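# Breakdown of the fold
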Amino acid sequence: MLNFELSKVGEYWRIFASGFNFRRHAGPLDSFEKIEDFVITRSAFIAQKTLYGYVKTRMGTRYTEMFKNDQMIRSINIAKMQVFDACLSDLTVWAVAVAYARIAADDSALAAMAVRIFDHGLERNPDPSVTEFSPADARAVFYRRVQFADWHGIAATRDNFIESPARVVKWAPIADTLKRMDAEYVENSVTFAWADVRRAFAKRLDTAAIAREVAKATAPERTGTR
């Protein structure tokens, strides 16, 4: 049961962000595992930052009141999962396209890597209480996306981030009349938030190490002879 007698902003954030894994590591992104971790944790962070930021801005000084309303909490939790799904989808496709751009991997291999990251992202950030969000449906939509992704074109650019900005506007528990006025501002804010994530990824990505990992994984086994 949530304790609504809390008074510190940090405690409200803790309640709002509960269930998401924000564990983040520094250092080079020199393996698939580290790329996956980066994608999942940054997707969760951007989902919370942009959704919570919009709700807080719209509610102003009344934003703490939303934690006293069971329906509002439920709406926020639904929105949280919907926005995380979109953020994970956008960043997964982009990160795979960028990380493996110089490696001779066909589209099916890139799609398979993206699916693995997306699946693990949903597994690491579940919220069984949100019955309105279906992980199975989210996977089905993402699988279709990667089958038609332009891996060597738009997927590796900022224009790939098309799902998350619209999803924040759609699912934020704000009156539709206000969302219509806010849509452009909110979508631009989400787009801007991704810029820092892309810069961090590019700075930390070790393409040589990634290439070596792929080469080792795909090299034919050598059999010794006597």
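Residues numbered from 1 in each chain as written. Predicted model: local features only at pLDDT ≥ 70, side-chain atom pairs only at ≥ 80, totals over all residues. Heavy atoms only, no water.

What follows is about the packing of aromatic side chains. All chains considered together, the criterion is met by five aromatic pairs. Ring geometry for Trp-94 versus Phe-201: centroids 5.2 Å apart, planes at 65°, classification edge-to-face. With Trp-94 in helix H3 (residues 70-99) and Phe-201 in helix H7 (residues 176-204), this pair connects stretches of sequence that are 107 residues apart. For the pair shown, Trp-94 and Phe-201 are each scored as buried. Of the aromatic side chains, those joined through ring pairs into one cluster are Phe-38, Trp-94, Phe-161, Trp-194 and Phe-201. For the cation-ring pair, Arg-198 lies above Phe-161, with the distance from its terminal atom to the ring centre recorded as 5.1 Å. (Phe/Tyr/Trp six-rings, centres within 6.5 Å; stacked < 30°, edge-to-face > 60°. Helix = DSSP H or I, 4+ residues; strand = E, 2+ residues; numbered from the N terminus. Buried < 20%, exposed > 50% of the residue type's maximum accessible area, 1.4 Å probe, protein only. Lys NZ or Arg CZ within 6 Å of the ring centre and 35° of its normal.)

Turning to the nonpolar core, a few remarks are in order. Ranked by internal contacts, the top residues of the largest apolar core, which has 64 residues, are Ile-35, Tyr-100, Val-146, Trp-151, Trp-194 and Phe-201. Listed by contribution, the elements that provide at least two residues to this core are helix H2 (32-59), H3, helix H4 (107-124), helix H5 (135-147), helix H6 (163-171) and H7. For this core, the element with the most residues is H3, which contributes 16 residues. Once residues within four sequence positions are removed from consideration, Val-146 is found in contact with Val-93, Ala-111, Ala-114, Val-115 and Trp-151. (Core = buried A, V, L, I, M, F, W, Y, C linked by side-chain atoms within 4.5 Å. Contact = heavy atoms within 4.5 Å.)

Mapping Arg-204 onto the fold places it in helix H7. This buried residue, Arg-204, is left without a salt bridge; Asp-37 holds the nearest opposite charge, at 6.7 Å. Here Gly-27 takes part through its backbone oxygen, which lies 2.6 Å from a polar atom of the side chain of Arg-204. (Lys, Arg positive; Asp, Glu negative; His and termini not counted. Salt bridge = Lys/Arg side-chain N within 4 Å of Asp/Glu carboxyl O. Polar contact = N/O pair within 3.5 Å; in protein donor to acceptor, adjacent residues only side chain to side chain.)

With that out of the way, let us pick up empty space enclosed by the protein. Take a probe with the size of a water molecule and roll it over the atoms, and the empty space left behind shows itself. Across all of its chains, the model carries one cavity of 30 Å³ or more by this definition. Empty space within the largest cavity amounts to approximately 80 Å³. Lining the largest cavity we find Asp-85, Ala-86, Ser-89, Phe-118, Ala-138, Val-141, Phe-142, Arg-145, Glu-163 and Arg-167. Counting only elements with at least two residues in the lining of the largest cavity, the list comes to H3, H5 and H6. For the lining of the largest cavity, the element with the most residues is H5, which contributes four residues. Its residues assigned to classes, the lining of the largest cavity comprises five nonpolar, one polar and four charged. (1 Å grid on protein atoms, 1.4 Å probe; cavity = no way out; pocket = protein on both sides within 12 Å on 5 of 7 lines; lining within 4 Å. Points joined across faces, edges and corners; volume = space filled by probe spheres on them. Nonpolar A, V, L, I, M, F, W, Y, C, P; charged D, E, K, R; others polar.)

Here H4 is 18 residues long and its end C-alpha atoms lie 26 Å apart, about the 26 Å a rise of 1.5 Å per residue gives. Along H4, the residues that are buried comprise Leu-110, Ala-111, Met-113, Ala-114, Val-115, Ile-117, Phe-118, Asp-119, Gly-121 and Leu-122. Packing partners of the buried residues in H4 comprise H2, H3 and H5. (Expected span 1.5 Å × (residues − 1).)

Attention shifts here to the packing of H3 against H6. In the contact formed by H3 and H6, the axes pass within 8 Å of each other and the chain directions differ by 170°. Our classification of the angle between H3 and H6 gives roughly antiparallel. Contacts between H3 and H6 involve Ile-78, Ala-79, Gln-82, Val-83, Asp-85, Ala-86, Cys-87 and Asp-90 from the first element and Glu-163, Ser-164, Pro-165, Arg-167, Val-168 and Trp-171 from the second. (Axes fitted to C-alpha atoms, helices over the stretch in contact; angles between N-to-C directions. Parallel < 35°, antiparallel > 145°, perpendicular 65-115°, else oblique.)

When two helices pack together, their arrangement is captured by the angle between the axes and the distance separating the axes. Close contact between H4 and H5 brings their axes to 10 Å; oriented N to C, the two are set at 160°. On the basis of the axis angle, H4 is roughly antiparallel to H5. Where H4 crosses over H5, the handedness of that crossing is right-handed. The residues of H5 that touch H4, namely those facing Ala-111, Ala-114, Val-115, Phe-118, Asp-119, Leu-122 and Glu-123, are Pro-135, Ala-138, Arg-139, Phe-142, Tyr-143, Val-146 and Gln-147. Within the contact of H4 with H5, the residues separate by chemical class into ten nonpolar, one polar and three charged. (Left-handed = near helix turned anticlockwise from the far one by under 90°.)

For the protein chain, per-residue confidence averages 87 on the pLDDT scale, and residues scoring 70 or more make up 86% of the total. Counting interchain partners and residues more than four positions distant, the pLDDT-below-50 stretch residues 1-15 has 20 contacts. (pLDDT = per-residue confidence, 0-100.)

By the definition in use, this model includes eleven salt bridges. A salt bridge links Asp-119 to Arg-139, with the shortest nitrogen-to-oxygen separation between them at 3.0 Å. Separated by 20 residues along the polypeptide, Asp-119 in helix H4 and Arg-139 in helix H5 bring together distant segments of the chain. Residue class for Asp-119 comes out buried when judged on its relative accessible area of 16%.

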